[in-house]
2 protein chains.
Amino acid sequence: MHRFLAFLFLILTPIGLEGRSPNFVVIFCDDLGYGDLGCFGNPTIKTPNLDRMAAQGQKWTQFYVADPVCTPSRAALLTGRYPIRNGMTSAKRVVLFPDSAGGLPASENTIAEILKQKHYATAAIGKWHLGHLPQYLPMKQGFDSYYGIPYSNDMDKVQGSPNYRQNAVDPNYYPDINDYNVPLLENDKVIERPADQNTITERCTERAVEYIKDNRDQPFFLYLAHSLPHIPLFVSEPFRGRSLRGLYGDVLEEIDWGVGRILETIRNEGIEKDTIVVFTTDNGPWLAFKTHGGSAGPLRAGKGTTFEGGQRVPTIFWGPGRVKPGVVTGMGSTLDLLPTFAALAGAKLPARRKLDGYDLSRVLSGEAESPRRTFYYWARAELHAVRSGPWKLHVKQREPINYGREAPMDGPELYHLETDISEAYDVADTHPDIVKRLMKMLDAHKADTEDSLPDQLAARIK
Amino acid sequence: MHRFLAFLFLILTPIGLEGRSPNFVVIFCDDLGYGDLGCFGNPTIKTPNLDRMAAQGQKWTQFYVADPVCTPSRAALLTGRYPIRNGMTSAKRVVLFPDSAGGLPASENTIAEILKQKHYATAAIGKWHLGHLPQYLPMKQGFDSYYGIPYSNDMDKVQGSPNYRQNAVDPNYYPDINDYNVPLLENDKVIERPADQNTITERCTERAVEYIKDNRDQPFFLYLAHSLPHIPLFVSEPFRGRSLRGLYGDVLEEIDWGVGRILETIRNEGIEKDTIVVFTTDNGPWLAFKTHGGSAGPLRAGKGTTFEGGQRVPTIFWGPGRVKPGVVTGMGSTLDLLPTFAALAGAKLPARRKLDGYDLSRVLSGEAESPRRTFYYWARAELHAVRSGPWKLHVKQREPINYGREAPMDGPELYHLETDISEAYDVADTHPDIVKRLMKMLDAHKADTEDSLPDQLAARIK
C-alpha cells in the first residue's frame, strides 16, 4: 500500500514546475520557409515529429527573426538586440564570408554568457556564422564547446564547380561535397575539410543527443544550428529520395527525424519537465532556387526581403510541464529568447545595454498574452518597415527574388497583416492616420539606434 | 471482481471495428480555402476543433473536388461522377440560379440512395444547390428530410442593395440579411424568407446535433452543407468580431465551433467508434473578394479555376476505431466518397453506370495507400487538365480572378505538383514524353464522357 501511495505521489507531482532551472535547447534551421512543415501547411513534406512537437507544445504563427539573412539573424538571436546595434548588419556586405575579418564583438553578451551566471553548461553545435577567426568563435562567446561549420555551406566554393542555380529544377541533381571547401571545426580546430556535408545533419543531431545525455544532471543550454536546408542541399543516405518533395523534402525529413531523436532523448533521460525546446529558423526560404528552395506558404516573398516571407518563421516551443499546449497568434521574435531564458533561469540581464526582446515566459506558461506589440524590420543596415499590432508599414523594400536590389516604391505601403495574410492589399491611402503614427515610430526607432556599434561585416582579411 | 472484469472487457473491446455499419457525417463548406484552417497553415484563424479532429484523424493534403464551382462540385460528391456525366456543368451558365429550370436528374443515384439499400436514415441540412424546384429537392434524391437554403446565399439579391465587392476590404462592413431574398426550406416548404443568415451556421449545426442524437441507434448518413464562408459573410452574435482575421475568420471560427459540437455529440452518444466524419469544402476561395474571401495557402489561384487553389481542398477524415490517425499525402476526391461509403456499408454500387470514384476504405483503416493515381480537372463543361501521379498537364485555364474568362496560353503547361507545390515552374519543354502521355489520357477521358447527359444548367424557368 505504501508503495502504491508513493507511486501515486510520483505520477501526480508536477515535476519541474518549480525547483531547478530549466534546460534550453534551440534547434535553429537555415532558410527554412514558413510553409515547409506539415503543421504549417506543407502538403508534401512529412514532418511527423515536428507536428507532434507542435501538438504537444505551442505553435507560434507570428514569430519573427530580426533580419532576413543569416549573420544578422543569428547575432540577434544570441544577443537579444537588433543587429544594427552590434554592427552585425551592413550596407556593404550582406553577411560574413570566408575573407571577412570581423565577427560578433566580444563586448556583446550572448544567451550563453547570460546563463553562465547561473552555471549552465553551454554548447554550440552546427553553423556559427558570427565570425570564423579564432577571436570570434563560440568559445569566446560563452559556449563551453563547439562542433560545426563556421559559415554558410555554399561558401568556399571550388572554382569551376557546377552552377547550382542552373540545376535547381532538376530533381536528379545532387551536389558534390568536394565542390565546397567548407571546414568542420571541433572547438577552434579544423577536423575535416571539406566537411562531409552529406552526414552533417545526422552528425550534429547525434552530437546533440550525446550532449543532452552527458548533461542531464545540470542545467544546460544547447544551441543546435543546422546548416541546412540552405543551398546546396545535402542529405544522408537513408533519407535520399525518400520524400515526395524532392531533395529539399529529403533534407527536411532528416531534420524532422533529428527533432524526434532529441525529444525522445529528453524523455528517455527523464528531464522533459525541466527542458524547453524551441524550433525555428534564421530567415525565410531562398526562392531564387525554385524547387530546391523552400516555400513561405501564404506569406509574401522570402529570404533577404522584409516581406513576411523573409522574416516570419515557423516556430514551436515544447516543454511538458513548462509550456502550455496551444496555438499562439501573439507576436514573438528570436530577439525575445534571451530575456525569456534569463527570466526562467533567474539570471540578470546585462546592465546599461539596449535590449530589443521581451520576456515571453508567461506566454509559455499560458498565464499571459504576448507582451510584444511591435516589430521593426531591418535589412542591409536600413530600416524597412514597422509592425504595430496588426498594421505593417513598409518604407523600403527589396526585390523578392534578387534580394540584393532595392525595389522601387510609389510611397509607403500599409498592410493589415492579420486579415490580409499575404500582404496583397496596400491600404495606405485610406488610413493616413495609421501611416502617420507608424512613420513616427520608425523615426523614433531609428533615432534610438544612433549609438550603435560600427559595421562589423564590411572588413576583409588583408 | 466480476464487475472489474466486465469493466476491463468494456474498455478493451474495439467497439465498432466490426459489427454494425458505420454512420457517415459529411460536413461540407462553401468556398473555404486550402489555407484557411490552423492545421493547414492559417496564421490568424483559430480552428482548435478542426485541428484536434485532424490530429485524431487523417489530414488529407492532396484531396480534390471534381469541379471548381458550387453546383457541379456538389453533384459530383453526391453521385461519385464527374459533373460532365450527369449534365451538371455547363458552358452557358456556371451554376444553378433562382431562375434555373434544371437540377440533378432523378435518374442519378446519390450516396443517400445507395445507403437506403442498407436502410440508413438520411438527412440533408444546409445548402443544396442541385435544383430548387420541387422535383429536384433532397427528398427526391434519397434524403428523408431537408432543412436549409436551396442555392447560394448571394442569390436573389434585392435590387439596389449595396455592392459587396466595393466593401470587401472594409473591416467594418457587415451585410444586411434583407438584401438577399434567399428562402429557408424545411423539407419542400419555405419556412422563412429572407432566411436569417446571421444564425444559419448555428441553426444548421444544432439541427445536425439533434439529428445525431435522434438517430444514434441506427446507421445514418448526415450531409451537412454549410452555406458559408461563401460571400456575403454572416455570423451569429457571439462570434462577431472575435477573430483576428476579420469577418471571414469569425465565420470560420463559428464553423469550427460547430464541428466541435458535432464531434462532442458523437462522443457523448457513445457512437464515436461507429461514425466516420468527413470535413471538406466545395471549391477554393473566392479571391476576387480580397480579405473577405479565403486563402489557398501555398496553392495557385482559387475558386473557378483548375489551378490547385480552385480544386484542392482541406480535408479531414475522423473516426476513432475506424480511421487510423496520420497525414495522408495520397490523392483522394469527393468523387471517392460514394464508393467508399458503399464499401463500408456493404451496399452495392449502381449497375451499368460510369463511376469516377475509388474506394478509399483501406486508406482510412491504414491498410493501404490511396488507389487514386489520376485526377481530371473540368470547368464549365470543358476538360482543362489532368494529374497523373505528381504530374499535372494544363491545356486550358481560366483567369485566376475573373474566372469567367478563359486565359491565354502559349501551349500546354506541365507542373510537378509534389515538388513545385505552387504550380510556379512549367516544365513542359523539358518533359515532352510526359506531355505526350498526359495528352493521350486527356483524349481518352474526353472520349469516355461522350455518352454524357445533356446540359442541365442552361435552361431557365419560362
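Residues numbered from 1 in each chain as written. Chains lettered and ligands numbered in written order. Predicted model: local features only at pLDDT ≥ 70, side-chain atom pairs only at ≥ 80, totals over all residues.

Peer 1: What am I meant to see in the sheet that holds strand β7 (residues 220–225) of chain B here?
Peer 2: Sheets are built from strands that pair by backbone hydrogen bonding, the pairs being arranged parallel or antiparallel. All names here are of chain B. Pairing in this open sheet of 10 strands is mixed, and the strands run β6-β5-β4-β3-β7-β1-β8-β9-β2-β10 from one edge to the other. Two strands lie at the open edges of the sheet, namely β6 (189–192) and β10 (326–333), each paired on one side alone. Across the sheet, the axes of successive neighbouring strands diverge by a mean angle of 20 degrees, strand direction being ignored. Where strand β1 (residues 23–29) lies against strand β8 (residues 275–281), seven bridges are found, and the strand directions are parallel. By the bridge assignment for β8, V26 is matched with V278. (Pairing = 2+ DSSP bridges. Helix = DSSP H or I, 4+ residues; strand = E, 2+ residues; numbered from the N terminus. Axes fitted to C-alpha atoms, helices over the stretch in contact; angles between N-to-C directions.)

Peer 1: Explain the environment of D359 of chain B here, please?
Peer 2: All names here are of chain B. Looking at the secondary structure, you find D359 in the loop between α8 (337–345) and α9 (361–364). What makes D359 partly exposed here is the crowd of 19 C-beta atoms within 10 Å. As for D359 and L37, which are separated by 322 residues in sequence, their C-alpha atoms are 26 Å apart. Setting aside residues up to four positions removed in sequence, D359 forms contacts with P339, T340 and A343. (Buried ≥ 20, exposed ≤ 12 C-beta atoms within 10 Å, placed from the backbone. Contact = placed C-beta atoms within 7 Å.)

Peer 1: In this structure, what is going on with the domain arrangement of chain A? I would like to understand it.
Peer 2: A common way to state how big an interface is: give the accessible area lost once the parts meet. Residues and elements named next belong to chain A. Here the domain parsing of chain A yields domain 1 (20–372) and domain 2 (376–448). Each side of the interface is counted separately: domain 1 has 24 residues, and domain 2 has 18 residues. Each residue belonging to the side of domain 1 that touches domain 2 can be placed in one class, and the counts come to 13 nonpolar, seven polar and four charged. (Domains from an automatic or database assignment. Nonpolar A, V, L, I, M, F, W, Y, C, P; charged D, E, K, R; others polar.)

Peer 1: Can you help me understand the interface of chain B and chain A in this one?
Peer 2: Taken together, the contacts link 29 residues of chain B with 29 residues of chain A. For the side of chain B that touches chain A, the secondary structure elements donating two or more residues are β2 (58–64) and β10 of chain B. Of the residues assigned to the side of chain B that touches chain A, the class counts are 11 nonpolar, 13 polar and five charged.

Peer 1: Before we go on, may I ask you to explain the confidence of the model for chain A in this structure?
Peer 2: Note: predicted coordinates in regions of low pLDDT should not be interpreted at a detailed level. Residues and elements named next belong to chain A. Summing up the model confidence of chain A, the mean pLDDT is 94 and the portion of residues at 70 or higher is 95%. Under a pLDDT of 50 for its full length, residues 5–17 has, in the predicted model, eight contacts with residues more than four places off or in other chains. In the predicted complex, the global pTM is 0.95; the interface-specific ipTM is 0.93. (pLDDT = per-residue confidence, 0-100.)

Peer 1: Is there a simple way to think about the environment of L338 of chain B in this case?
Peer 2: All names here are of chain B. Mapped onto the secondary structure, L338 falls in helix α8. Take L338: there are 28 C-beta atoms within 10 Å of it, and that puts it in the buried class. Separated by 276 residues in sequence, L338 and Q62 have C-alpha atoms that sit 18 Å apart. In this structure, L338 is in contact with T79, G80, I111, I114 and G357, ignoring residues within four places of it in sequence.

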